[in-house]
Amino acid sequence: MKFIQFRPEGIYCVPGDFYIDPWRPVKKALITHGHADHARYGMGAYLCHHFSVPILQSRLGATIQVQGIGYGEKININGVEVSFHPAGHIIGSAQIRMAYKGRICVVSGDYKLQDDGLSTPFEVVKCHEFVTESTFGLPIYHWASVNQQKAELQQWVNLNQSNQKTTVFIGYSLGKAQRIMQAVDGLAPLYVHYSIHKLNQAFQQVGIKLPAYQVIDFNADLKPLQDGIVILPPALVDTNLIRKIPNKAYAICSGWMAVRGARRWRSADAGFAISDHADWSDLLTAIQATEAEKVYVTHGQTAVFAKYLNEIGIPAEEVKTEFGVEDEALEDKNALPPETPEASTVASVNQEDPL
């Protein structure tokens with residue numbers, strides 16, 4: 001019997017009769033984290049880390065049937081021992097470990113090895129089979145240290161202040177926005193879009209303290225934003241809302257900025273290579289540390305990365321899934337209220353790559 005299968009509904013644990021991060025409705029879904037490509041609406045029941053519970057309720061509805069579990073806590077599902085372990089990706093992100101008849105399989109979801117100070121740091125889990133992402137699975141991707149990233153953001157804020165500019169950062173409402181807030185805390189008043197505020201509340205519900213901020217009212221006078229720091233979701237790029245901000249300079253915070261920022265976001269004033277995914281070297285470090293006998297590469301640079309793993313002696317297989325579509329339309333679909341004229345732009349923004 002195969003331990004896991006890649007079915008049209010998602011990743012299926014055969015002996016346990018459950019799915020992990022399914023993209024079609026199923027009876028029981030184990031969720032690695034709260035991003036929209038991994039936690040979707042319509043499941044009969046959800047199981048996730050405790051920290052992800054308020055995120056799923058915020059995004060999928062307060063009435064969903066969801067159960068929280070702690071890191072390292074073991075439960076039995078149809079004879080399969082299941083436990084959740086830190087993935088380091090965002091708050092509540094988890095690798096899901098499954099043990100059955102002496103075999104261990106780990107589905108990692110999305111992960112990073114850098115400790116951002118908000119997410120529980122990545123934990124190596126030894127296994128026989130490991131399911132990995134490869135979003136940035138090319139050797140050209142290499143992140144600076146978290147401290148260096150923080151210094152670069154702060155320097156840009158200082159530059160904008162010297163030029164009487166309002167600093168605007170573009171980053172996902174879940175994960176990236178909170179990292180930006182933490183990095184620039186104390187430099188100027190912080191203002192965030194309400195979609196970010198909504199998820200900030202999920203952080204606060206589980207006891208994670210964030211810097212003080214104000215929620216932007218785009219119907220009010222925006223002059224008070226002058227010299228402040230504004231954080232917005234990607235869905236607002238090229239909308240009238242962002243154009244209303246006076247004397248702004250805006251920057252994209254994304255791993256893609258390492259090589260493709262100028263081509264993809266030519267209108268931005270700056271780009272910072274900050275990602276909640278592992279870079280090339282950390283992907284290899286994590287996979288080698290698991291000592292897995294077989295690796296499944298589910299999304300990102302799947303063909304290249306799987307080929308390289310095989311070349312260095314790690315049996316790997318490319319698998320097609322619906323993960324990795326952390327695009328603006330999917331991840332920040334609630335960034336604009338339905339009655340707002342700009343809301344129609346959310347569905348038409350670029351869906352090529354995650355930020």
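Since we're looking at a predicted model, the values are computed, not measured.

Right, let's get into unusual backbone geometry. Negative phi is the rule for most residues except glycine; trans is the rule for most peptide bonds. Here the phi dihedral of Lys-101 falls at roughly 50 degrees; this positive angle occurs in a residue that is not glycine. Topologically, Lys-101 is positioned in the loop between strand S9 (94-100) and strand S10 (103-107). Residue class for Lys-101 comes out exposed when judged on its relative accessible area of 72%. In this structure, Asp-227 is a non-glycine residue whose phi angle is positive, near 70 degrees. Mapped onto the secondary structure, Asp-227 falls in the loop between strand S14 (214-215) and strand S15 (229-232).

Turning next to helix H7 (residues 280-290). The set of residues buried in H7 consists of Trp-280, Asp-282, Leu-283, Leu-284, Ala-286, Ile-287 and Thr-290. Each element contacted by the buried residues of H7 is listed here: strand S11 (129-134), strand S18 (294-300) and helix H8 (302-311). Downstream of H7 by one or two residues, Glu-291 has phi in the positive range, about 60 degrees.

Turning next to the sheet that holds strand S19 (residues 316-318). Pairing is mixed across the open sheet formed by seven strands, whose spatial order is S7-S8-S9-S10-S11-S18-S19. Across the chains shown, the open sheet's two edge strands, defined by having one partner strand only, are strand S7 (74-77) and S19. Between one strand and the next, the sheet's axes are offset by a mean angle of 25 degrees, whatever the strand orientation. Its contacts with the sheet place H7 against S11 and S18, and it is angled at close to 175 degrees to S11. Packed on one face of the sheet, H8 meets S11, S18 and S19 and runs near 160 degrees to S18.

Further remarks concern the sheet that holds strand S16 (residues 248-253). The six strands lie next to each other as S14-S13-S15-S12-S16-S17, forming an open sheet whose pairing is parallel. Across the chains shown, the open sheet's two edge strands, defined by having one partner strand only, are S14 and strand S17 (270-272). With five bridges joining them, strand S12 (residues 166-170) and S16 adopt parallel strand pairing. Looking across to S16, one finds that Thr-166 is bridged to Lys-248. Along the sheet face, helix H3 (residues 176-184) touches S12, strand S13 (190-192), S15 and S16 and points at about 170 degrees away from the line of S15.

Calculation rules
- Counting restarts for each chain, with residues numbered from 1 along the sequence as it is written.
- Reporting of local features is limited, given that this is a predicted model, to residues whose pLDDT is at least 70; pairs of side-chain atoms are given and counted only at 80 or more, and all residues count toward the totals for whole chains, interfaces and linings.
- Remark: hydrogens and water are excluded; side-chain values derive from all non-hydrogen atoms of the structure.
- Numbering goes from the N terminus for both helices and strands, where a helix is a DSSP run of H or I of at least four residues and a strand is a run of E of at least two.
- Three labels apply to residues, based on accessible area from a 1.4 Å probe with only protein chains included: buried if under 20% of the type maximum, exposed if over 50%, partly exposed otherwise in between.
- Throughout, a residue-residue contact means that at least one pair of heavy atoms, one from each residue, lies within 4.5 Å.
- Pairing between strands is defined by DSSP: at least two bridges between them are needed.
- To obtain each axis, a line is fitted to C-alpha atoms, and for helices this fit is confined to the stretch in contact; angles are then taken between N-to-C directions over 0 to 180 degrees.

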